[in-house]
Amino acid sequence: MMKMSRRNLLRGCSAAAMTLAVDPSLAVAQTVLPDAFIEQLIARMSLEEKAGQLSIYSDPLRFEGAQINPKTAEQSAKQLHASILKGELTGLFNGVGASSARDLQKLAVEQSPHKIPLIFAGDIIHGMKTIFPIPVGEAASFNPTLAERTARAAAMEASAKGLHWTFAPMVDVARDERWGRVSEGAGEDPYLGAQMARARVKGFQGRNLRDEDTVLACPKHFAAYGGVEGGRDYNTVDIPDTTLRATFLPPFEAAFRQGALTTMSSFNDIAGVPATGNAYLLTDILRGEWGFKGLVVSDYTSEEEMILHGYAADGPDAVVKALSAGCDISMQSGLYYKHIPDLVRQGRLPLRVVDEAVRRVLRVKQAIGLFDNPYRSMDPKREASDIRRPETVALAREAARKSIVLLKNEQDLLPLKKSASVALIGPAIHDKADLPGPWAVFPDVERHVTFAEGFRSALGAQGRLFTARGADYEARLPGGVEQALAAAQSAEVIVLVVGESSEMSGEAQSRTDIGVPAPQLELAEALAKLAKPMVVLLRHGRALALTGAVRDAPAIMATWFLGSETGNAVADLVFGDFAPEARLPVSFPQVSGQEPYFYDHRNTGRPQLTDDKAYKSRYREVTNEALYPFGHGLSYSKVRYSATAVSEAGPSPALRAKGSVRVSAQVENLGARPCVEVAQLYIRQLTASVTQPVRQLKGFQRLSLAPGETRRVEFTIDAEMLAFPHPDHRTYAEPSAILAVIGPSAASGEPVKLAF
Ligand code: GLC
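Just so we're clear, the structure is a prediction, and the values are computed from it rather than from any experiment.

1. A word on the sheet that holds strand S26 (residues 752–755)
Note: strands within a sheet are paired through backbone hydrogen bonds, in either parallel or antiparallel orientation. With antiparallel pairing, four strands are arranged side by side in an open sheet as S21-S20-S25-S26. The two strands at the open ends of the sheet, each matched to only one other strand, are strand S21 (696–705) and S26. When strand polarity is set aside, the average angle formed by the axes of neighbouring strands in this sheet is 25 degrees. Pairing geometry for strand S20 (residues 675–685) and S21, over nine bridges, is antiparallel.

Printed below as a string of structure tokens:
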């Protein structure tokens, strides 16, 4: 075969690579042409090179972040350099720096046998140096455009630091608030999750994946990780296929349709088959049904963990099962590198399986331009200019503002006047390091704005601000309560910041009690006895079960972990320079014991619908309602919804015949301030061959309302919206009476009835 020059081959083949580029309508059903350049490479590579091309490790040479993974038998620096020179390493993750990336890339593309470029990845979950709200907080914005903007900004900074690929967005629908990784996703709802997944992929990958300021997205963890039993991380997931498809897959499908070219297999099993060795998931659904042409990387040693799952007998068996199922790259375990050559030589692993995985990896590297631009995203000048740009910092403040949910505001206690004397109290008020929350791996801590700094800045030199920590996150502070009481005595109003430290949520941080830790509750009770106005600002990575003086405070805001601009954003809202506009992406239960708790639950045969409690599906201690429901959030105004109206009522054939029907409502701003209202559409399928949830979010619209303004909001309901998965793996609607309501939360509004 005539050997084409590399450059000519690339020119001819870049078109093929471009078919991997983003075409949202086709992105999942990507057609990828045979690529002579890549086939020639594969034909020339040794088994050891192929095994190395399917192996990625945490970078021990250039890792500057917090300890975020369990220790393993790390590849030493010497070993890694040797692997790079031999062309037996596909890339590294969580090592950063444009210049040092260039040095490593130079070894690969100038000295290795086939000059295959390295790919550099990182956990850029909610920002690189400038940190944005944790994803569940950003989901509270119900603002996909905002999520796209922050992902775009994060990609700018990550690519300026020499990264090509982020292990984000995390798109796991979380069904139990005890699970610490609620913090990383978009909450409990599949529809909101899909909107945010699509937006973030778009932001990370930009207009063209060959642009140097883009990064590959990696919607993770595929799949159903949010369904872990008991909310205990890494635990079993035992769900029927219809639940897998109705609840957990929609955000992934949305992400792949938006053009995501990589995904990460999850630690959990699904009904006894670990995701990393699950051919039904990684091949039948991902590639067979969705036409995904990208690559799958295992989560950190998850292929090796199939031995502990009891699914693989040993390392070689784990490699055969993971690769054959469709897991292309092994992360961190080293098993692929260690066993693939022998497994192929022994005939236990077909070479075509290995070659197909290598092909996928090389095509993704080609799709981001690495073959013709191996030093892509390794420009030291950009590293200096594109980190913490003023517009990025301003965006962090805007995103933080738009993520804060006002849960309660009795007697319009908020916003406070800047002339008021304020006692700012709580363990987090001066804490720079803890502001970003979980999975902020490379933050610029010194530049973070604390609660106290933000309040001081808002109040100015004249403002009277008294501060005291009062307690630690999970322990009393000697004299802390006394200091807090002294500060409070000097002030007209108390602002108490309570909740979790960043290590209380995130990976491997499941809690049986999702309340505010006891030392902080004691502080709250002591302050409440002063009978002064008290605003509670919650700081948390999940929904909390509120109790006592925290629960009874007249004004409560859910502030999540807001990132670099925390103090400024909170002060912007507390003192009224901006109004809250976010809504809850997770239900706040009455008590922890209600978990797993999600609004889109089924009705059961004995729902408790009235005060008749005999033999109903209920608890003795609390009602089944949430304390604060999914979708709930107040502004500094009052909003009224009219009843939901159906544009064309009529018999079922009307909808089926017409193909759709419209529902609408009038939304009125009764207050004296402008507000942003998030009008939400919920539907319910009253009868179905697979029983359906009592409510499902199927749409939302953000309305900016001037004082006194009324807007009509309208949604179209059609068969696609009403379709749901069936046991035969098909998704379609069934004739049924449908309830539809437009309202301000999952617990609101009188539905109208229509028929499909
Ligand atoms: C972790 C996480 C995953 C992360 C990976 C690399 O265990 O599960 O989300 O991307 O390892 O740090």
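Having seen it, we continue.
2. Re the pairing of S26
The two faces of S26 differ: Val752 and Leu754 on one face are buried, but Lys753 and Ala755 on the other face are not. Across four bridges, strand S25 (residues 737–743) lies against S26 in antiparallel orientation. Note on S26: the bridge partner recorded for Leu739 is Lys753.

3. A look at the packing of helix H9 (residues 241–248) against helix H11 (residues 279–289)
For any two helices packed against each other, one specifies the inter-axial angle together with the distance between the axes. For the pair H9 and H11, interaxial distance at closest approach is 14 Å and the crossing angle is 55 degrees. In terms of axis orientation, H9 runs oblique to H11. Where H9 crosses over H11, the handedness of that crossing is right-handed. Where H9 approaches H11, its residues Asp241, Leu244 and Arg245 are matched on the opposing element by Tyr280, Ile285 and Glu289. A per-class count over the contact of H9 with H11 returns three nonpolar, no polar and three charged.

4. So, the packing of aromatic side chains
Applying the stated rule across the entire model yields 19 aromatic pairs. Geometrically, the ring pair formed by Phe37 and Phe371 is edge-to-face, given 5.0 Å between the ring centres and 80 degrees between the ring planes. Taken together, the residues Phe37 in helix H2 (residues 36–44) and Phe371 in the loop between helix H15 (351–367) and helix H16 (380–385) connect sequence positions 334 residues apart. The burial state of Phe37 is the same as that of Phe371; both residues are buried. One aromatic cluster in this structure is built from Phe142, Tyr191, Tyr599, Phe630, Tyr682 and Phe700. For the cation-ring pair, Arg175 lies above Phe598, with the distance from its terminal atom to the ring centre recorded as 3.7 Å.

5. Re the confidence of the model for the protein
Averaged over every residue, the pLDDT of the protein is 93; residues scoring 70 or more account for 94%. Note that pLDDT drops below 50 for residues 1–31; the model gives that stretch 64 contacts with residues more than four away or on any other chain.

6. Some details on the side chain of Arg542
Examined against the element boundaries, Arg542 turns out to sit in the loop between strand S15 (534–539) and helix H21 (548–552). Residue Arg542 is classed as buried on the basis of its relative accessible area, which comes to 0%. Within the structure, the side chain of Arg542 is placed 2.7 Å from the side chain of Glu500, a separation counted as a polar contact.

7. Structural notes on the nonpolar core
One finds Trp165, Leu323, Ile340, Leu496, Leu538 and Phe588 to be the most contacted residues of the largest nonpolar core, which totals 157 residues. It is H15 that provides the largest number of residues to this core, a total of eight residues.

8. Re the site of the ligand
The environment of the ligand is formed by 16 residues, the closest being Asp123, Arg181, Lys220, His221 and Asp299. Within the contact set of the ligand, an oxygen atom lies 3.1 Å away from a side-chain nitrogen or oxygen of Asn69. The contact in question runs from an oxygen atom of the ligand to an N or O atom on the side chain of Glu507, over 3.1 Å. In isolation the ligand exposes 310 Å². Once the protein is present, 100% of that is buried. The residue inventory of the shell around the ligand, partitioned by class, reads eight nonpolar, three polar and five charged.

9. Here's the deal with the pairing of strand S16 (residues 555–558)
Burial along S16 is two-sided: the residues Ala555 and Met557 and Ile556 and Ala558 are all buried. Where strand S11 (residues 405–409) meets S16, four bridges bridge the pair, whose relative direction is antiparallel. The residue bridging Val405 from the neighbouring strand is Ala558, located in S16. Bridge count between S15 and S16: four bridges; the pairing is parallel. Its bridge partner being in S16, Leu538 is matched across the sheet by Ala558.

10. Regarding the packing of helix H7 (residues 144–160) against helix H17 (residues 390–401)
The contact between H7 and H17 brings their axes to 11 Å, and the two run at 145 degrees. Note that H7 runs across H17; the crossing there is left-handed. Side by side, H7 and H17 meet where Leu146, Arg149, Thr150, Ala153 and Glu157 of the first sit next to Thr392, Leu395, Glu398 and Ala399 of the second. Here the contact of H7 with H17 is built from residues that sort into four nonpolar, two polar and three charged.

11. Points about the sheet that holds strand S6 (residues 262–265)
A sheet is described by the order of its strands in space; here three strands give the open sequence S5-S6-S9, paired in parallel fashion. Among the strands making up the open sheet, the edge pair consists of strand S5 (220–222) and strand S9 (295–298). With strand direction ignored, the average angle separating the axes of adjacent strands in the sheet is 45 degrees.

12. Points about the pattern of salt bridges
Tallied over the entire structure, the rule returns 50 salt bridges. As a salt-bridge pair, Arg207 and Asp211 come within 4.0 Å of each other at their nearest N and O atoms. Classification of Arg207 as exposed rests on a relative accessible area of 75%. Two residues, Glu453 and Lys432, come together in a salt bridge whose shortest N-O distance is 2.9 Å. A residue pair is termed long-range when its members are at least 10 positions apart, and Glu453 in helix H18 (residues 451–459) and Lys432 in the loop between strand S12 (421–425) and H18 qualify at 21 residues. Take Lys432: its relative accessible area is 19%, and that puts it in the buried class. If you follow the salt bridges from partner to partner, you end up with Glu39, Arg287, Asp328, Glu356, Arg359 and Arg360 in one network.

13. What to know about the side chain of Lys698
Here Lys698 shows up in strand S21. For Lys698, the side chain forms a polar contact with the main-chain oxygen of Met721, separated by 3.3 Å. Once you skip the residues sitting within four places of it in the chain, Lys698 turns out to touch Tyr191, Leu681, Ile683 and Met721.

14. Regarding H7
Over its 17 residues, H7 extends 24 Å from the first C-alpha to the last, a length consistent with the 24 Å expected when each residue adds 1.5 Å. Within H7, twelve of the 17 residues are buried, leaving the element largely enclosed by the surrounding structure. Burial in H7 covers these residues: Leu146, Ala147, Thr150, Ala151, Ala153, Ala154, Ala155, Met156, Glu157, Ala158, Ser159 and Ala160. Its buried side turned inward, H7 meets helix H5 (98–111), helix H6 (135–139), helix H8 (190–205), H16 and H17.

The rules behind the values
Residues numbered from 1 in each chain as written. Predicted model: local features only at pLDDT ≥ 70, side-chain atom pairs only at ≥ 80, totals over all residues. Heavy atoms only, no water. Pairing = 2+ DSSP bridges. Helix = DSSP H or I, 4+ residues; strand = E, 2+ residues; numbered from the N terminus. Axes fitted to C-alpha atoms, helices over the stretch in contact; angles between N-to-C directions. Buried < 20%, exposed > 50% of the residue type's maximum accessible area, 1.4 Å probe, protein only. Parallel < 35°, antiparallel > 145°, perpendicular 65-115°, else oblique. Left-handed = near helix turned anticlockwise from the far one by under 90°. Contact = heavy atoms within 4.5 Å. Nonpolar A, V, L, I, M, F, W, Y, C, P; charged D, E, K, R; others polar. Phe/Tyr/Trp six-rings, centres within 6.5 Å; stacked < 30°, edge-to-face > 60°. Lys NZ or Arg CZ within 6 Å of the ring centre and 35° of its normal. pLDDT = per-residue confidence, 0-100. Polar contact = N/O pair within 3.5 Å; in protein donor to acceptor, adjacent residues only side chain to side chain. Core = buried A, V, L, I, M, F, W, Y, C linked by side-chain atoms within 4.5 Å. Near = heavy atom within 4 Å. Areas by Shrake-Rupley, 256 points an atom, 1.4 Å probe, with all protein chains shown as cover. Salt bridge = Lys/Arg side-chain N within 4 Å of Asp/Glu carboxyl O. Expected span 1.5 Å × (residues − 1).

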